[in-house]
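Structural features, examined
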Amino acid sequence: MTEPSAQRPVPGPPRPAPPSTAAPDARPEPAAAGAPQDRLAGLEGLPVAEHVAVFEAEHERLQRELGTIDPL
């Protein structure tokens, strides 16, 4: 008869993240010019019907950018 294998440890709950070392009044770095956040920033002020055109324009831009990547 074989001996039972040793029980494996069961993972516990996740540990809390270490406290941030940033100063409380530190501001995040500004986004790069032309970042997606900038291109979609005014979206909430537009009627929903106009959102499609904004997303299509961004989709076309992304396709152009991805087309410049050399295939592996």
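Shown above is the structure to which this text applies.
Residues numbered from 1 in each chain as written. Predicted model: local features only at pLDDT ≥ 70, side-chain atom pairs only at ≥ 80, totals over all residues. Heavy atoms only, no water.

1. Concerning the overall build of the protein
Secondary structure summary: the protein contains two helices and zero strands in total. Relative to its 72 residues, the protein shows a buried fraction of 6%. A total of about 7300 Å² of accessible surface is found on the protein, and carbon and sulfur atoms cover 61% of it. (Helix = DSSP H or I, 4+ residues; strand = E, 2+ residues; numbered from the N terminus. Buried < 20%, exposed > 50% of the residue type's maximum accessible area, 1.4 Å probe, protein only. Areas by Shrake-Rupley, 256 points an atom, 1.4 Å probe, with all protein chains shown as cover.)

2. Points about the pattern of salt bridges
Counting across every chain of the model gives one salt bridge. In this structure, the salt-bridge partner of Glu58 is Arg61, at a minimum N-O distance of 2.8 Å. Highlighted residues: Glu58 and Arg61, both in helix H2 (residues 48-67), separated by three residues, approximately one helical turn. Take Arg61: its relative accessible area is 22%, and that puts it in the partly exposed class. (Salt bridge = Lys/Arg side-chain N within 4 Å of Asp/Glu carboxyl O.)

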